[in-house]
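Structure at a glance
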Amino acid sequence: MYERKLPIQEECGLDLIREVVFGKWKIHLLYYISQGISRPGQLQKNIPEASRRVLNIQLNQLEDDELVAKMVYDQQPPKVEYYLTDLGKSIMPIINELGQWGDDNSEHLRRVIKKRLVLPEA
């Protein structure tokens, strides 16, 4: 089990949301599930940079945090579909607004990210 170095500030909403939503692919997973992409294989095709293992871990975390739920069909081969819970649906306007902000400011964001990645000369 992971032991935290710093405690979560439970009085701070930003700390609480960071614990639940921040993960390299969690926002992407929530977005794609909200768009009707519900099967693990479909999610993998839409996020090819992520390994299947990492996506499964983050889907399980989102499920544990009750932002998504899954339906397991009793068939062979097994079939699983994810869907947003009411709590997951409630965060989608915020995620969509963040995505729009990123689109609106993409030129600036690309420039500052590129600048950060260039190592200074010694």
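Residues numbered from 1 in each chain as written. Predicted model: local features only at pLDDT ≥ 70, side-chain atom pairs only at ≥ 80, totals over all residues. Heavy atoms only, no water.

1. What to know about the overall build of the chain
How we decide: Only runs of H or I of at least four residues qualify as helices and only runs of E of at least two qualify as strands under DSSP, and these elements are numbered from the N terminus. Here the globule rule is a power law, 2.2 Å times the number of residues to the power 0.38, and the radius of gyration is based on C-alpha atoms. The buried label goes to any residue with under 20% of its type's maximum accessible area, the exposed label to any with over 50%, and the partly exposed label to all in between, with areas taken from a 1.4 Å probe on protein chains only. Whether two residues are in contact is decided by their heavy atoms: any pair within 4.5 Å suffices. All accessibility values rest on the Shrake-Rupley procedure with a 1.4 Å probe; residue burial counts only the protein chains present in the view. Asp and Glu count as negative and Lys and Arg as positive, but His and the ends of the chain are not part of the count. A single reference atom marks each charge: NZ on Lys, CZ on Arg, CG on Asp, CD on Glu.
The helix and strand inventory of the chain stands at six helices and two strands. Tracing the chain from N to C terminus, the helices and strands come up as α-α-α-α-β-β-α-α. Relative to its length of 122 residues, the chain is extended, with a C-alpha radius of gyration of 17 Å against a globular reference of 14 Å. Each principal axis of the C-alpha atoms in the chain carries an extent, and together these give about 60 × 35 × 30 Å. Counting across all 122 residues of the chain, residues that qualify as buried make up 24%. At a minimum sequence separation of 6, the contacts of the chain that also span at least 24 residues come to 42%. Looking at the chain as shown, the accessible area adds up to about 9500 Å², and 55% of this sits on carbon and sulfur atoms. Averaged over its 17 positive side-chain charges, the chain has a centre that lies 8 Å from the centre of its 18 negative ones.

2. Here we look at the pairing of strand β2 (residues 79-84)
Under the convention used in this document: Here, strands pair whenever DSSP counts at least two bridges between them.
Pairing geometry for strand β1 (residues 68-73) and β2, over six bridges, is antiparallel. By the bridge assignment, Val-72 is partnered in β2 with Val-80.

3. Re the side chain of Gln-44
In plain terms, the rule: Definition of a polar contact: a pair of N or O atoms within 3.5 Å, with one able to donate and the other able to accept a hydrogen when the atoms are protein atoms, and with sequence-neighbouring residues admitted only if both atoms are side-chain atoms.
Here Gln-44 lies in helix α3 (residues 40-46). Residue classification places Gln-44 among the buried positions, given a relative accessible area of 18%. In terms of polar contacts, Gln-44 uses its side chain to reach the backbone carbonyl oxygen of Ala-50, at 2.7 Å. Each residue touching Gln-44, except ones within four places of it in the same chain, is listed here: Ala-50, Ser-51, Arg-52 and Leu-55.

4. Quick look at the UniProt feature "domain: HTH hxlR-type" (unreviewed entry) in the chain
Where we set the bar: UniProt positions are given in the numbering used here, feature names are shortened, and annotations may be inferred rather than shown by experiment.
Mapped onto the present numbering, the UniProt feature "domain: HTH hxlR-type" (unreviewed entry) falls on residues 12-110. Helix makes up 63% of residues 12-110 and strand makes up 12%, while its end C-alpha atoms are separated by 30 Å.

5. Things to note about the pattern of salt bridges
Definition in use: We count a salt bridge whenever a side-chain nitrogen from Lys or Arg sits within 4 Å of a carboxyl oxygen from Asp or Glu.
Taken as a whole and assessed by the stated rule, the structure comprises three salt bridges. Here Asp-15 and Arg-18 are joined by a salt bridge, their closest N and O atoms 3.1 Å apart. In this pair, Asp-15 and Arg-18 are both assigned in helix α1 (residues 13-21), three residues apart and thus about one turn of the helix distant. Residues Glu-81 and Lys-79 are paired through a salt bridge, measuring 3.6 Å at the closest nitrogen-oxygen approach. What emerges from the salt-bridge pattern is a single network uniting Asp-15, Arg-18 and Glu-19.

6. Side note on the nonpolar core
To keep it simple, the criterion reads: In this description, a nonpolar core means a group of buried Ala, Val, Leu, Ile, Met, Phe, Trp, Tyr and Cys residues linked to one another through side-chain atoms lying within 4.5 Å.
Counting 20 residues, the largest nonpolar core has Leu-29, Leu-30, Ile-33, Leu-43, Ile-47 and Val-68 as the members making the most contacts within it. Those elements giving two or more residues to this core turn out to be α2 (26-34), α4 (52-64), β2 and α5 (86-104). The element contributing the most residues to this core is α2, with four residues. Those residues in contact with Leu-30 that sit more than four places away from it in its chain are Leu-62, Leu-67, Val-68, Leu-84, Ile-91, Met-92 and Ile-95.

7. Section: the packing of aromatic side chains
Which entries qualify depends on this criterion: Working definition: rings of Phe, Tyr and Trp (its six-membered ring) pair if their centres are within 6.5 Å, and the pair is stacked with planes under 30 degrees apart, edge-to-face with planes over 60 apart, and tilted otherwise.
The tally for this structure, following the rule as stated, stands at one aromatic pair. Taking the centre distance of 5.5 Å and the plane angle of 70° together, the rings of Tyr-31 and Tyr-32 count as edge-to-face. Tyr-31 gets classed as partly exposed once you look at its relative accessible area, which sits at 34%. With relative accessibility at 19%, the residue Tyr-32 sits in the buried group.

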